[in-house]
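Descriptive structure summary
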Amino acid sequence: MSKALTYVSTRNKQEPIDFYTAILQGIASDGGLLVPDFDLPQLSLKELMDLEYHQLASTILKGFVPKDGHLLIEEACKSAYGGSLFPKEVVPVKKAGDIFVAELFQGPTAAFKDMALTLLPHLMTLSLKVKKEARDVMILAATSGDTGKAALEGFKDVEGTSIKVFYPSDGVSAIQKQQMITQEGKNVEVIGIDGNFDDAQTAVKQAFNDASIKAVSKAHQIFLSSANSINIGRLLPQIVYYFYTYLSLVKRKEIQLYDEVDFCIPSGNFGNALAGFIAKKMGLPVHKFICSSNKNNILTDFFTTGRYDANREFYKTNAPAMDILISSNLERLVWFLSDHNGDQVNQYMTRLKEDGIYEVDPAVFDQIKQYFAAGYASETEVLLAIKDMYEQTGYLLDTHTATGYHVIKKYREESQDSLPVILLATASPYKFPEAVYEALSQNKADEYEAIKKLHDLTHIEIPAPLIDLDQREIRFKEVIKKETIIDFVKEKMTQK
Ligand SMILES: *Cc1c(COP(=O)(O)O)cnc(C)c1O
């Protein structure tokens, strides 16, 4: 008999719940993150070879969902990936010199967050349906730029839902901000805060377990959920493209079935890389996950020392979606690698909260070294990487993906590893046009001018979602203090 597909908290203080409840709840009631409490499904690569992206997605997701939801999952994956939101290939894999670049940014907002946030609203509505939930759900999302827009597009006018997005008012790129504050839809709201991404994420996480919010939400027949990668419904869809890109290379005969490859992942909140780790645990032949960071290099330090030390300066960089010091999903990795020891994870997280630092046990660290390599790029190195890649291959990287290219080169110099490497491209270069234009030309231009000049220079197509962005009507101007997020949420609930 297979074990029931239940989900538990990484901190071990919540009763097991089913898939649908996990999606709707977003975060565990003890402040931990929800994780599958069953052996991960094992996939046979051979049987996946001929599937289209949406079929592959439903095949993978069904391993995490009880039988009564399988038909709904198939429909959901078809709507997200089998229609007009993505190109037919969904994730094109390009060859740039001796690395493969998997373009995760072909969705509705030109960022990799679309890979999961086109599916999450479907997972949310099917869970509401299966649970016969009569209350409305209010989605809260903290964003370093890209989650916000992708979540707004995903949840726009979805029945039974409303969404509030909190972004650092000076911590996102001009293009990202314009994408968000011009968002259409009746059930959406975008709010700037006077802090950084970590402040926004911490406040949002607190809101879920705040007693006064619980009281108000009960009185107004509403409940909260999350669109951040703390929601397991964000993580599971991200497993799919690891299999998909690998199988694409097999089909093109760049590699043979069962050959090992490396993946390089520009990382922030660590959701992307963690999904890769789960893919490996489900049978994908990955040798190393190479995590790249920008100057906020807390993950690089963690993967090289086993110590997570958040007592450090926070930098605003030209790769702003990775300007993060609290990488939430690391908690899930540590849970997996400590043999699902929630009490131990709870101790680490208590130390992180109280002292801003924790160190994993040697047994956990040994495994970390086995699976992961890490490195970072300074802002100057980001610009050089963009220029270098473009001059060598004609491929144009965005600033986030450029950290990956920089780190791959260093990793290959320092290790004996010469396996094929797949670099996950997390954004279109046109989302960060000022820096990308500067990298190529050594000149500065403001955002819309830079888009035009980049296009003139490279003739690379501008993604449709970014065309005429400056012409759109601004709908959301509000900026609030970070201390008032919880009161703000309560007030919105009473207005329902
Ligand atoms: C969100 C984001 C990242 C970081 O991804 P995580 O899953 O948070 O590690 C990297 N690059 C871009 C462009 C992003 O939007």
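Preceding block: the structure.
Residues numbered from 1 in each chain as written. Predicted model: local features only at pLDDT ≥ 70, side-chain atom pairs only at ≥ 80, totals over all residues. Heavy atoms only, no water.

**Focus: the sheet that holds strand S3 (residues 93–96)**
Put simply, the rule reads: Pairing between strands is defined by DSSP: at least two bridges between them are needed. Strands are runs of DSSP state E lasting at least two residues, helices are runs of H or I lasting at least four, and both sets are numbered from the N terminus onward. Lines fitted to the C-alpha atoms define the axes, with helices restricted to the stretch that makes contact. Angles between their N-to-C directions range from 0 to 180 degrees. We call two residues in contact whenever any of their non-hydrogen atoms come within 4.5 Å of each other.
A sheet is described by the order of its strands in space; here 6 strands give the open sequence S3-S4-S14-S9-S10-S13, paired in mixed fashion. Strands at the two margins of the open sheet, each flanked by one partner only, are S3 and strand S13 (372–376). Strand-to-strand twist in this sheet, taken as the mean axis angle between neighbours without regard to direction, amounts to 25°. In this sheet, S13 lies alongside strand S10 (residues 286–293) in parallel orientation, the contact comprising 5 bridges. Counted as the bridge partner of serine 293 is tyrosine 376 from S13. Most of the contacts of helix H13 (residues 298–305) go to S13, to which it runs at about 140°, and overall it touches S10 and S13.

**Examining the packing of aromatic side chains**
Operational definition: Only the six-membered ring of Trp is used, alongside the rings of Phe and Tyr, when aromatic pairs are assigned; centres must lie within 6.5 Å, and planes under 30 degrees apart are stacked while those over 60 apart are edge-to-face, with the rest tilted. Buried, partly exposed and exposed residues are distinguished by accessible area as a fraction of the type maximum, computed with a 1.4 Å probe on protein chains only: under 20%, between the cut-offs, and over 50%, respectively. Note on criteria: charge over ring means Lys NZ or Arg CZ within 6 Å of the ring centre, with the direction from the centre no more than 35 degrees off the ring normal.
Summed over all chains, the structure comprises 24 aromatic pairs. On the basis of an interplanar angle of 85° and a centroid distance of 5.5 Å, the ring pair of tyrosine 7 and phenylalanine 38 is categorised as edge-to-face. With tyrosine 7 in strand S1 (residues 7–9) and phenylalanine 38 in the loop between strand S2 (34–36) and helix H2 (45–48), this pair connects stretches of sequence that are 31 residues apart. The exposure classification of tyrosine 7 matches that of phenylalanine 38, with both residues buried. Both rings, one in phenylalanine 302 and one in tyrosine 308, keep their centres 5.9 Å apart while their planes meet at 75°; by these two values the pair is edge-to-face. The same class applies to phenylalanine 302 as to tyrosine 308, namely buried. It is lysine 295 that lies over the ring of tyrosine 315; its NZ or CZ is 4.0 Å from the centre.

**Here's the deal with the environment of alanine 141**
Positionally, alanine 141 belongs in strand S5 (residues 136–142). Between the alpha carbons of alanine 141 and serine 338 there is a distance of 29 Å; along the sequence they are 197 residues apart. When neighbours within four sequence positions are excluded, alanine 141 is seen to be in contact with Lys164, Val165, Phe166, Ala227 and Asn228.

**Considering the environment of threonine 380**
Tracing the backbone shows threonine 380 in helix H17 (residues 379–393). On the basis of relative accessible area, threonine 380 is assigned to the exposed category, the value being 54%. Sequence separation of threonine 380 and asparagine 318 is 62 residues, and the distance between their C-alpha atoms is 9.4 Å.

**Overview of the sheet that holds strand S15 (residues 479–480)**
Taken together, the 5 strands give an open sheet; going across it, the order is S8-S5-S6-S7-S15, and neighbouring strands pair in parallel fashion. Every other strand in the sheet has two partners, leaving strand S8 (222–226) and S15 as the edge strands with one partner each. Strand direction decides the pairing type here: S5 and strand S6 (residues 161–168), joined by 6 bridges, are parallel. Note on S6: the bridge partner recorded for methionine 138 is serine 162. Where helix H9 (residues 197–208) meets the sheet, its contacts fall on S5, S6, strand S7 (188–193) and S8, and the angle it forms with S5 comes to roughly 155°.

**Digging into the site of the ligand**
Heads up, the condition is: If even one non-hydrogen atom of a residue comes within 4 Å of a molecule or strand, that residue is called near it. Between N or O atoms, a polar contact is any pair within 3.5 Å; within protein, one atom must be a potential hydrogen donor and the other a potential acceptor, and residues adjacent in sequence are included only when both atoms are from side chains. Only the protein chains shown count as cover for residues, and the accessible areas themselves come from Shrake-Rupley with a 1.4 Å probe.
Looking at the ligand, there are 15 residues lining it, with Lys113, Asp146, Gly268, Asn269 and Phe270 nearest. A distance of 2.9 Å is found between an oxygen atom of the ligand and a backbone nitrogen or oxygen belonging to phenylalanine 270. One of the side-chain N or O atoms of threonine 426 is found 2.9 Å from a nitrogen atom in the ligand. If the ligand stood free it would expose 380 Å²; the protein chains cover 98% of that surface.

**Focus: the packing of helix H7 (residues 146–155) against helix H8 (residues 174–181)**
Condition: Relative orientations are named as follows: roughly parallel for angles under 35 degrees, roughly antiparallel for angles over 145 degrees, roughly perpendicular for angles from 65 to 115 degrees, and oblique for any other angle. Each helix crossing is assigned a hand: it is left-handed if the near helix lies turned anticlockwise from the far helix by less than a right angle, otherwise right-handed if that turn is clockwise.
Packing of H7 against H8 leaves a shortest axis separation of 9 Å and a crossing angle of 25°. By the angle class used here, H7 and H8 are roughly parallel. Of the two possible hands of crossing, H7 and H8 adopt the one that is left-handed. For the pair H7 and H8, the contacting residues are Asp146, Gly148, Lys149 and Leu152 in the first and Gln176, Gln179 and Met180 in the second.

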